[in-house]
Amino acid sequence: MSKLKFIIGTFLCLSLSSLSFAQVLDDFDDSPAAKVEKAREQFITEKLNLSNQEADAFWQVYYEYKDNEEKIKNKYRPGKGLRNMSDEDANAFILSRFEMDGKLLQLKKDYYQKFQKIIGPKRVIQYTRAEKAFRQEVLRRFKENRKRKLKRNGRNE
Amino acid sequence: MKNTDDIKKELEELSPFLSKRKKEKEGFEVPTNYFRKLPDLIMDRIQEEETLSSSSAPTTNWLDQIIERIQLLLQPQYAMALASIAIFIMVSIFFFEQDNALLGANTLAEVSDEEINSYVMDNLEEFEIDLLMDAIDEENLEKEIESESSSDDDYLDNIIDDLSDKELEELM
């Protein structure tokens, strides 16, 4: 009996520690998406001048909002490409997009209330600007990369 | 004596089997010095058993061996050392993460070009369509490259124009 307890205890300890180790590994995620998200956090936190406490609360609600937004978008993804759509399918797709837009707007309104409780309405406006500026910066880098690639290809020809 | 002979005779007549058994020795005989040697005999037997059991221990179940090893690590002197190492690792991870946040690691400048390209291609929906087209349209990009290089040429021309004859001579 005591041997069984010992085995169960050891197993529990090992699984708990592996769980916490996995959590640590998660924090060291180095996929492109994870790196860009970290950079976004850094960029927006600086632009909005968020305190540690504000940043913690803000980013928790932010990721919750993004998850819900993704769920709605996934639900309304078209099953077929435009070429394979009949008129009826196209009509149904357009109507479903209106429905999706409505749900996304409602989500935005709900989360605006949460965001403004944390950072106030003025900084919510600043946030939308900062988010746009970040996206533009990412695209600027993307554009520069493409230009460099075109220049290289031009020289090689 | 006569009585016993009579009895024997009678028994032989009644049951030959029993009369024969009677001739065998009764009970059992204790070897000489048996009780004097008994404690030593017992001690020898115990010692033999102990050596047998200790030599057969390593061949017991592998699970028991592992448990034994782990239990050894859980002895106070080892457990304290293990616990302090664990605490040290946890504290260093905590400070490492804090440092990361404070030093402002993970800025966009630290994301490589390949990673930026892969992020944009995987998340096209995130970007405004006109900006995305502007960044993707090759014709537009070539025009921009051309105008950039011509403005570089203009810039060089202007510098050369501004140089005096002497400065130009030195440069050449």
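Residues numbered from 1 in each chain as written. Chains lettered and ligands numbered in written order. Predicted model: local features only at pLDDT ≥ 70, side-chain atom pairs only at ≥ 80, totals over all residues.

K.L.:
I'm lost on the overall build of chain A in this one. Help?
P.N.:
Looking only at helices and strands, one finds 5 helices and 0 strands in chain A. Counting helices and strands in the order they occur from the N terminus, chain A gives α-α-α-α-α. Out of the 157 residues belonging to chain A, those deemed buried represent 10%. Counted over contacts in chain A with a minimum sequence separation of 6, partners at least 24 positions apart contribute 76%. (Helix = DSSP H or I, 4+ residues; strand = E, 2+ residues; numbered from the N terminus. Buried ≥ 20, exposed ≤ 12 C-beta atoms within 10 Å, placed from the backbone. Contact = placed C-beta atoms within 7 Å.)

K.L.:
Explain the nonpolar core to me, please; I cannot follow it from the model alone.
P.N.:
One recurring pattern in soluble globular proteins is that nonpolar side chains are buried together. If you look at the biggest cluster of nonpolar residues, it comprises 9 residues: V36(A), A39(A), V138(A), L139(A), F142(A), I116(B), Y119(B), V120(B) and A135(B). Going through the elements one at a time, α2 (32–48) and α5 (121–156) of chain A together with α6 (113–122) of chain B are the ones with two or more residues in this core. Beyond its immediate sequence surroundings of up to four residues, Y119(B) is in contact with P32(A), A33(A), V36(A) and V138(A). (Core = buried A, V, L, I, M, F, W, Y, C linked by C-beta atoms within 7 Å.)

K.L.:
What's the story with the interface of chain B and chain A in this structure? I'm lost.
P.N.:
Reports of interface size often rely on the accessible area that becomes lost once the parts have come together. Of the residues lining the interface, 27 residues belong to chain B; the matching set on chain A comes to 26 residues. Of all the elements in the fold, those that place two or more residues in the side of chain B that touches chain A are α4 (62–73), α5 (76–103), α6, α7 (129–136) and α8 (138–162) of chain B. For the side of chain B that touches chain A, the element with the highest residue contribution is α6(B), accounting for 8 residues. Per-class residue counts for the side of chain B that touches chain A are 14 nonpolar, 5 polar and 8 charged. (Nonpolar A, V, L, I, M, F, W, Y, C, P; charged D, E, K, R; others polar.)

K.L.:
I tried to follow the packing of helix α3 (residues 52–75) of chain A against helix α4 (residues 87–119) of chain A on my own but got confused; where do I start?
P.N.:
For any two helices packed against each other, the geometry comes down to the angle between their axes and how far apart the axes lie. Residue and element names in this part refer to chain A. Contact geometry for α3 and α4: axes closest at 10 Å, N-to-C directions at 175°. Our classification of the angle between α3 and α4 gives roughly antiparallel. Contacts between α3 and α4 pair E54, A57, F58, V61, Y65, N68, E69 and I72 from the former with M100, K103, L104, L107, Y111, K114, F115, I118 and I119 from the latter. Looking at the contact of α3 with α4, its residues break down into 12 nonpolar, 1 polar and 4 charged. (Axes fitted to C-alpha atoms, helices over the stretch in contact; angles between N-to-C directions. Parallel < 35°, antiparallel > 145°, perpendicular 65-115°, else oblique.)

K.L.:
Which parts of the structure should I look at to understand unusual backbone geometry?
P.N.:
A negative phi holds for most residues other than glycine; trans holds for most peptide bonds. Not every positive phi belongs to a glycine, and N49(A) is a case in point at roughly 55°. Relative to the elements of secondary structure, N49(A) occurs in the loop between α2 and α3.

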